[in-house]
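Now for the letters of each chain:
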Amino acid sequence: MRVTDARAEAALDAHWRWAAGGTAVAVLLLAALPTPSPSAQFVVLAVGVALLGFPHGALDPLVASIGGALRSPARLAVFLASYLGLAGLAFALWLTAPGVALAAFLVYSGVHFGLGDVDAYGSNPPRALRLARVVVHGAAPILHPVAAYPAEAAELFGILAGAEATRVQALVESAAPVALGAWIALAVASYAWPACWPGRRQEWRGAGELALLVAAFWVAPPLVSFSIYFCVWHSVRHFVAVDRAVQGVFSLRAVVVGLAVLAGTLLLLGGGHLSAGLSGNATDVVRTVFVALACLTPPHMLVTSMLGRVERQGAAGA
């Protein structure tokens, strides 16, 4: 999602400063203080996802409307069928093959995160360099927490996929040393050369963001570091991109649509959680939150591709 106009660029600048400062402070505190208890980690995740994580996806209908998906009943039907169909297929996969669903979730989440991070600042690198950075940024929130906290990652995978998670965990852990080496080499190749050029603010911001997040992934337990990345960086940046596209993410229309979709999503989550016979303990709620994110990410990626198309058209017409 390339954001290029002056107002959005100023918003991105402000976001980068407070997100980077907040992440740096969190890293220092987490390094100095005892590891947060599981209940504290759960609270951080629940609050962050409730306030920023789910709301950033609640604007999908608004993005679809500016992307032309709601201009006619036929287009609306296609959009709804695609959106709900992708979410339904993901949910069916979790019910029938949770291990495969977990592996797929890790892959497509990495793609989604990488595209969002790399395209955010409009640096527009050559295609091969952009692809390398998508891999580097997208793999970071998955590879580093697993390598830094294998026991905690194994527990989280087990919560999500039960006994089938052991195969995914074994594969990830066995590949981690080689993957880390490859990741470091690719990260250096992606940023060392352009970042040496003076005045390239986008390059320095991308490299600085990556360094801060890697520090967070190694210092903070996975639930906390995921909350920092997903809520503070990924979700807020999406708000900025949508704000530019719709000319005001806090307009009455945007707020009404977002709140309505968010309320419906939370009701569905609550209904699904209760119908599955899950309790209110942290383990069951974490499972519901992550499976919901896993099911909503594929259709959300469909909408962000629309947003990217709108952004490119706006940049071409500027």
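Because the structure is a prediction, the values reported are computed rather than measured.

Definitions and limits used
Numbers given for residues are sequential positions, taken from 1 along each chain in its written order. pLDDT decides what is reported in this predicted model: residues at 70 or higher carry local features, side-chain atom pairs at 80 or more are listed and counted, and totals for whole chains, interfaces and linings draw on all residues regardless. The basis for the side-chain values is all heavy atoms of the structure; hydrogens and waters are excluded. Helix and strand assignments follow DSSP, with helices taken as H or I runs no shorter than four residues and strands as E runs no shorter than two, numbered in order from the N terminus. What a helix is expected to span follows from its residue count: subtract one and scale by 1.5 Å. Using a 1.4 Å probe on the protein chains alone, a residue whose accessible area is under 20% of its type maximum counts as buried, one over 50% counts as exposed, and one in between counts as partly exposed. Of all possible arcs, the one meant is that of the directions from the helix axis to the C-beta atoms. Whenever Lys or Arg places a side-chain nitrogen within 4 Å of a carboxyl oxygen from Asp or Glu, that contact is recorded as a salt bridge. To get an axis, a line is fitted to the C-alpha atoms, and for a helix only the part in contact is used. The angle between two axes follows their N-to-C directions and goes from 0 to 180 degrees. Throughout, the term roughly parallel applies to angles under 35 degrees, roughly antiparallel to angles over 145, roughly perpendicular to angles from 65 to 115, and oblique to all others. Helix crossings get a hand from a simple test, with the near helix turned counterclockwise from the far one by less than a right angle marking a left-handed crossing and a clockwise turn marking a right-handed one. We call two residues contacting when some pair of their heavy atoms lies within 4.5 Å. In this count, Pro and Cys sit with the nonpolar residues alongside Ala, Val, Leu, Ile, Met, Phe, Trp and Tyr, while Asp, Glu, Lys and Arg are called charged and the others, Gly among them, polar. Patches here: salt-bridge-free residues with over 30% relative accessible area, like charges joined within 9 Å, nonpolar side chains (Val, Leu, Ile, Met, Phe, Trp, Tyr) joined within 5 Å. For the accessible areas, the method is Shrake-Rupley and the probe is 1.4 Å, while residue cover comes only from the protein chains on display. Side-chain atoms within 4.5 Å link the members of a nonpolar core, which is a set of buried Ala, Val, Leu, Ile, Met, Phe, Trp, Tyr and Cys residues. Counting of polar contacts relies on pairs of N or O atoms within 3.5 Å, with two restrictions inside protein: one atom must be capable of donating a hydrogen and the other of accepting it, and residues adjacent in sequence are counted only when both atoms are side-chain atoms. Aromatic contacts are taken between Phe, Tyr and Trp rings whose centres are within 6.5 Å, Trp giving its six-membered ring; a plane angle under 30 degrees counts as stacked, one over 60 as edge-to-face, and the others as tilted.

A. Region of interest: helix H7 (residues 150-161). Between its first and last C-alpha, H7 extends 16 Å over 12 residues, near the 16 Å set by a 1.5 Å rise per residue. If you check which residues of H7 are buried, you get Ala153, Leu156, Phe157, Leu160 and Ala161. Seen along its axis, H7 keeps its buried residues to an arc of 110°; they face one direction. Turned more than 90 degrees from where H7 packs its buried face, Ala151 and Glu155 sit exposed. Where H7 ends, the next residue or the one after it, Gly162, has phi of about 65°, a positive value.

B. Main features of the pattern of salt bridges. Evaluation of the coordinates by the stated rule reveals 5 salt bridges. The salt bridge partner of Arg237 is Asp117, with a shortest N-O separation of 2.7 Å. With Arg237 in helix H10 (residues 222-246) and Asp117 in helix H5 (residues 98-119), this pair connects stretches of sequence that are 120 residues apart. Look at Arg237 and you get buried, because its relative accessible area is 4%. For Asp117, a relative accessible area of 4% puts it in the buried group.

C. Fine view of the packing of helix H6 (residues 127-148) against helix H9 (residues 201-219). Relative orientation of the contacting elements H6 and H9 amounts to 15°, with a least axis distance of 8 Å. Between H6 and H9, the crossing angle belongs to the class labelled roughly parallel. Crossing geometry of H6 relative to H9 is assigned as right-handed. Across the interface between the two elements, Arg133, Val136, His137, Ala140, Pro141, His144, Pro145, Ala147 and Ala148 from H6 touch Glu203, Gly206, Leu210, Val214, Phe217 and Trp218 from H9. Split into classes, the residues belonging to the contact of H6 with H9 amount to 10 nonpolar, 3 polar and 2 charged.

D. Geometry of a nonpolar patch on the surface. Taken together, the side chains of Val25, Leu29 and Leu33 make up a nonpolar region of the molecular surface, amounting to roughly 280 Å² of accessible area. Structurally, Leu29 can be placed in helix H1 (residues 6-32).

E. Summary view of the nonpolar core. Trp94, Leu102, Trp183, Trp233 and Phe290 are the most contacted members of the largest nonpolar core, which has 54 residues in total. Setting aside anything within four residues of it in sequence, one finds Phe290 in contact with Leu45, Phe105, Leu156, Leu160, Leu223 and Phe226. Of all hydrophobic cores here, the second largest spans 14 residues; its members include Leu59, Leu62, Phe239 and Met306.

F. Representation of the environment of Gly21 within the structure. Structurally, Gly21 is set in helix H1. Of the residues examined, Gly21 reaches a relative accessible area of 33% and is grouped as partly exposed. With 191 residues separating them along the chain, Gly21 and Leu212 place their C-alpha atoms 9.4 Å apart.

G. A look at the side chain of Asp117. Among the polar contacts listed, one links the side chain of Asp117 to the side chain of Arg237, at a separation of 2.7 Å. In this structure, Asp117 is in contact with His137, Glu209, Tyr229 and Arg237, ignoring residues within four places of it in sequence.

H. Examining the packing of aromatic side chains more closely. Under the definition given, this model contains 8 aromatic pairs. Plain terms: the ring middles of Trp94 and Phe105 are 6.4 Å apart, the flat faces sit at 70° to each other, and that makes the pair edge-to-face. Within this pair, whereas Trp94 is found in helix H4 (residues 73-96), its partner Phe105 is found in helix H5, the two being separated by 11 residues in sequence. Aromatic side chains Phe226 and Phe230 sit 5.2 Å apart centroid to centroid with 10° between the ring planes, which places their arrangement in the stacked category. Placement of both Phe226 and Phe230 in helix H10 is noted, with a separation of 4 residues, approximately one turn of the helix. By relative accessible area, which is 14% here, Phe226 ends up buried. Since its relative accessible area comes to 5%, Phe230 is described here as buried. An aromatic cluster is defined as three or more aromatic residues linked by ring pairs; in this entry it consists of Phe113, Phe217, Phe226, Tyr229, Phe230 and Phe290.

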